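In case you want the letters, here they are:
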Amino acid sequence: MLKERYDVIVIGAGPAGLAAAIEAKKTGAQDVLVVERAQELGGILQQCIHNGFGLLIFKKDMPGPAYAQHFIDELAGLHIDTLLDAMALNVTSERHVYATSRTSGFLELDTRALVLAMGCRERTRAQIALPGTRPAGVYTAGTAQRFVNIEGFMPGKRFVILGSGDIGMIMARRLTFEGAKVERVLEIMPFLTGLTRNYVQCLLDYDIPLQLQHTVKRIIGNDRVEAIESVQIDKQRQPIPGTEEIIPCDTLLLSVGLIPENELSRKAGVSLDPVTGGPFVDEKMQTNVPGIFAAGNVVHVYDLVDWVTQAGLLCGRNAAQYAIAERKHHGRRVKMKAGDNVRYVVPHVLDKESLAESAQRLQMRVTLPIEEPVWVEVMNGEERVTRKTELYVRPGEMVNIDIPQSAYDAVQRASELSVRVVRR
Amino acid sequence: MAHEHRKFICITCPRGCALDVTLEGEVVVQMEGNSCKRGIDYVTGELNDPRRMVTTTVRVRGGVHPLAPVYTESPIPKPRIFDLLAVIRKVELKAPVKIGDVVIENALGTGINILASRNIPVKSEAS
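Fair warning: this is a prediction, and the values are worked out from it, not measured in the lab.

Caption draft 1: Fine view of helix α5 (residues 166-177) of chain A. Residue and element names in this part refer to chain A. Across its 12 residues, α5 extends 17 Å between first and last C-alpha, which sits within 8% of the 16 Å expected from 1.5 Å per residue. Among all positions in α5, only Gly168, Met169, Ile170, Met171, Ala172, Arg173, Arg174, Leu175, Thr176 and Phe177 are buried. Positive backbone phi, at 95°, marks Gly179, one or two positions downstream of α5.

Caption draft 2: Region of interest: empty space enclosed by the protein. With the rule as written, the count across this model stands at 1 cavity of 30 Å³ or more. As a volume, the largest cavity reaches approximately 60 Å³. What lines the largest cavity is Ile49, His50, Gln145, Asn149, Ile170, Met171, Arg173, Arg174 and Phe177 of chain A together with Thr55 of chain B. Residue assignment for the lining of the largest cavity shows that the elements contributing at least two residues are α4 (141-151) and α5 of chain A. Looking at which element gives the most residues to the lining of the largest cavity, the answer is α5 of chain A, with 5 residues. Residue composition of the lining of the largest cavity, by class: 4 nonpolar, 4 polar and 2 charged.

Caption draft 3: Region of interest: the nonpolar core. In terms of nonpolar packing, the biggest core is built from 40 residues, with Leu175 of chain A together with Val58, Val103 and Ile114 of chain B touching the most fellow members. By residue number, the principal contributor to this core is α5 of chain A, which donates 6 residues. Counting residues in each nonpolar core, the second largest holds 38 residues, with Ala20, Ala29, Ile80 and Val308 of chain A among its members.

Caption draft 4: Quick peek at the sheet that holds strand β8 (residues 92-94) of chain B. Residues and elements named next belong to chain B. The 5 strands are arranged β8-β5-β6-β10-β9 in an open sheet whose pairing can be described as mixed. Among the strands making up the open sheet, the edge pair consists of β8 and β9 (102-107). Taking each pair of neighbouring strands and ignoring which way they run, the sheet shows an average axis angle of 35°.

Rules behind the numbers
Residues numbered from 1 in each chain as written. Chains lettered and ligands numbered in written order. Predicted model: local features only at pLDDT ≥ 70, side-chain atom pairs only at ≥ 80, totals over all residues. Heavy atoms only, no water. Helix = DSSP H or I, 4+ residues; strand = E, 2+ residues; numbered from the N terminus. Expected span 1.5 Å × (residues − 1). Buried < 20%, exposed > 50% of the residue type's maximum accessible area, 1.4 Å probe, protein only. 1 Å grid on protein atoms, 1.4 Å probe; cavity = no way out; pocket = protein on both sides within 12 Å on 5 of 7 lines; lining within 4 Å. Points joined across faces, edges and corners; volume = space filled by probe spheres on them. Nonpolar A, V, L, I, M, F, W, Y, C, P; charged D, E, K, R; others polar. Core = buried A, V, L, I, M, F, W, Y, C linked by side-chain atoms within 4.5 Å. Pairing = 2+ DSSP bridges. Axes fitted to C-alpha atoms, helices over the stretch in contact; angles between N-to-C directions.

Below is the structure:
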């Protein structure tokens, strides 16, 4: 059963979101909710079936799903709410979350602290402007990874992979394991963009050729990819004429970079760094919007999941502390309301503890003039907290009244104080 | 005996140290570039008995997904990877699958078990 208001809501149940939710709960947040788009927790780790995860945090070499399972189990033991198969549609700077799901319908939720953990997504063909026809058989490496590792079908038989990112190299090995032929990995940069160990254990081990400073000049094929034309490029990234090569294949995979996914962050007024593509954050992983935090690949793209987990833990701890302070603060604050013949009162809100230090001055303007003696009264419902007299009041002349320190106890009982100006 | 110089890239951890190794036969006499002592173990292994972790999938009947990811409990000899994959491909499990379930015991007589790396719950009729 979902609540209407949470201490911490986390958007995204990948490694960053799971860690943030767990740590928020452990830090003392009362109600924590994780909103996840997929039908299960774990995020992209569920399709990263290769090992290499957890060396830093668990001192163990784990496959992606096993790494995720550790946190899924921990989450379950902490009574953290989850909302799966749900899309967060909008978040506001006041931390209202609008979401929709097949089981719960449209939801409006409030949270004292919000953690953005939406991760990142892959650059697509459109974003690198690949020339040529638009046949079937062009996929991002991550999409192919999901097909092969979770859904159980092969997207092709003969592959060319553009980009030497980790997902691309890992998919080169994976496709080889499943009987496909990976003809080539092409990298536009003069260096490998993924980890060197993946070059060794994914490409070298299976004699998959890597060509640096090469790219796809053209995709060939009408209904289906039939070949790609590769070309070598110079230091200015210009194609070198005469170096073209036609590589027959039926599928082209793109492993050409990841972009933090920040559409929701923008809606909440979170400022983004044009270099990382993610929010500007402070040492608490708090964005420019108070109470909105961010962690993991939504901030900047990591190469190790262990680091993403660490960022999530840090973020979750701070989000919980923010929520706890907010809750405490909330009970301590009393609203100032304009009563009879008062147009407004400043300050609008008063911290009850402020009276422990000194008297607090209220300033206001009246609505209508009264040309005879009046009481200016501060009321908690029918209980009078303090009053003073004025010989007359006029809208053009500001009225002051001090709440004395002796009213401390009376103010503690109030959730709202009103000020009125009445004839004596 | 003549010394031979060879280069390796250690794959033990994500750091991926570039190793400059001096060999006498198949014995490491000098190594540069390693950040820890696992570099020596790695090169010794590569020279005598190269091994790799293998991760792949097996078919699952009646689960929320048609596949379960599996992995070798410890690295297996590199030349046997494709034999192992052929054996794993023949396996079909029935949901539910639990993380850590032994999918194949003592695969290819290597003494190494093949384990499931996640839970695959039963697919409910409702969904």
